[in-house]
Amino acid sequence: MTHKTVDRAGIPDESPDNQRVLACGEGITRPGCRIASLGGHRWRIETLAPAPQDHPYRILYVQWPSGRPGEPENWASWKLPTP
């Protein structure tokens with residue numbers, strides 16, 4: 001996602017007017033990014049367009065299944081460096 005603002009702790013403003021989703025992954029028909037396996041549990045994620053000037057902050061959100069039926073999925077997020 002790209003965001004208009006991020007507070008001092010790096011927490012983005014996630015209101016609908018202040019974020020844009022750049023989704024990628026299986027089943028997404030209008031991707032905003034590209035994901036590729038590099039092998040060995042490593043992945044490359046690339047955005048397909050530069051961040052808009054009014055949304056300069058990028059947050060990478062990742063979700064993956066737990067591998068056990070009935071258990072919640074795992075997730076993590078990172079604030080990415082901006083040029």
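See the structure shown above.
Let me begin by describing the structure that accompanies this report. The shown structure was predicted, so the numbers you read here are calculated from the model rather than taken from an experiment. (Residues numbered from 1 in each chain as written. Predicted model: local features only at pLDDT ≥ 70, side-chain atom pairs only at ≥ 80, totals over all residues. Heavy atoms only, no water.)

**As for the overall build of the chain**
Turning to step 1, where the next piece is worked out: Counting secondary structure elements, the chain contains zero helices and six strands.
Turning to step 2, where the next piece is worked out: In terms of overall dimensions, the chain has C-alpha extents of about 40 × 25 × 25 Å along its principal axes.
Turning to step 3, where the next piece is worked out: The buried share among the 83 residues of the chain stands at 12%.
Turning to step 4, where the next piece is worked out: In the structure as shown, the chain presents an accessible area of about 6700 Å², 53% of it carried by carbon and sulfur atoms.
Turning to step 5, where the next piece is worked out: If you average the places of the 10 positive and of the 9 negative side-chain charges in the chain, the two averages end up 8 Å apart. (Helix = DSSP H or I, 4+ residues; strand = E, 2+ residues; numbered from the N terminus. Buried < 20%, exposed > 50% of the residue type's maximum accessible area, 1.4 Å probe, protein only. Areas by Shrake-Rupley, 256 points an atom, 1.4 Å probe, with all protein chains shown as cover. Lys, Arg positive; Asp, Glu negative; His and termini not counted. Charge placed at Lys NZ, Arg CZ, Asp CG, Glu CD.)

**Here's the deal with the pairing of strand β5 (residues 57-64)**
Turning to step 1, where the next piece is worked out: Here strand β1 (residues 2-3) pairs with β5 via two bridges, running antiparallel. Counterpart to His3 in the pairing with β5 is Tyr57.
Turning to step 2, where the next piece is worked out: Judged from the seven bridges that link them, β5 and strand β6 (residues 74-80) form a sheet pairing that is antiparallel. Residue pairing across strands places Ile59 opposite Lys79, the latter belonging to β6. (Pairing = 2+ DSSP bridges.)

**Some points on the sheet that holds strand β2 (residues 19-20)**
Turning to step 1, where the next piece is worked out: In spatial order, the strands read β2-β1-β5-β6; together these four strands make up an open sheet with antiparallel pairing. The open sheet has two edge strands, β2 and β6, and neither has a second partner.

**Section: the layout of surface pockets**
Turning to step 1, where the next piece is worked out: Within this model, the largest pocket holds a volume of roughly 780 Å³.
Turning to step 2, where the next piece is worked out: Lining the largest pocket are 25 residues; nearest its centre among them are Cys24, Ile45, Leu60, Tyr61 and Val62.
Turning to step 3, where the next piece is worked out: Sorting the residues of the lining of the largest pocket by element identifies β3 (33-39), β4 (42-47), β5 and β6 as the ones contributing at least two each.
Turning to step 4, where the next piece is worked out: Ranked by residue count, the leading element in the lining of the largest pocket is β5, at seven residues.
Turning to step 5, where the next piece is worked out: Per-class residue counts for the lining of the largest pocket are 18 nonpolar, four polar and three charged. (1 Å grid on protein atoms, 1.4 Å probe; cavity = no way out; pocket = protein on both sides within 12 Å on 5 of 7 lines; lining within 4 Å. Points joined across faces, edges and corners; volume = space filled by probe spheres on them. Nonpolar A, V, L, I, M, F, W, Y, C, P; charged D, E, K, R; others polar.)

**Details of the state of the cysteines**
Each disulfide consists of one covalent bond between the sulfur atoms belonging to two cysteines.
Turning to step 1, where the next piece is worked out: Using the criterion set out here, one finds one disulfide in the structure.
Turning to step 2, where the next piece is worked out: Here Cys24 is linked by a disulfide to Cys33, with a sulfur-sulfur distance of 2.3 Å. Residues Cys24 and Cys33 are joined through a disulfide that is left-handed, its torsion about the S-S bond being -95°.
Turning to step 3, where the next piece is worked out: Cys24 gets classed as partly exposed once you look at its relative accessible area, which sits at 22%. (Disulfide = S-S within 2.5 Å.)

On their own, these measurements won't tell you what the molecule is for.
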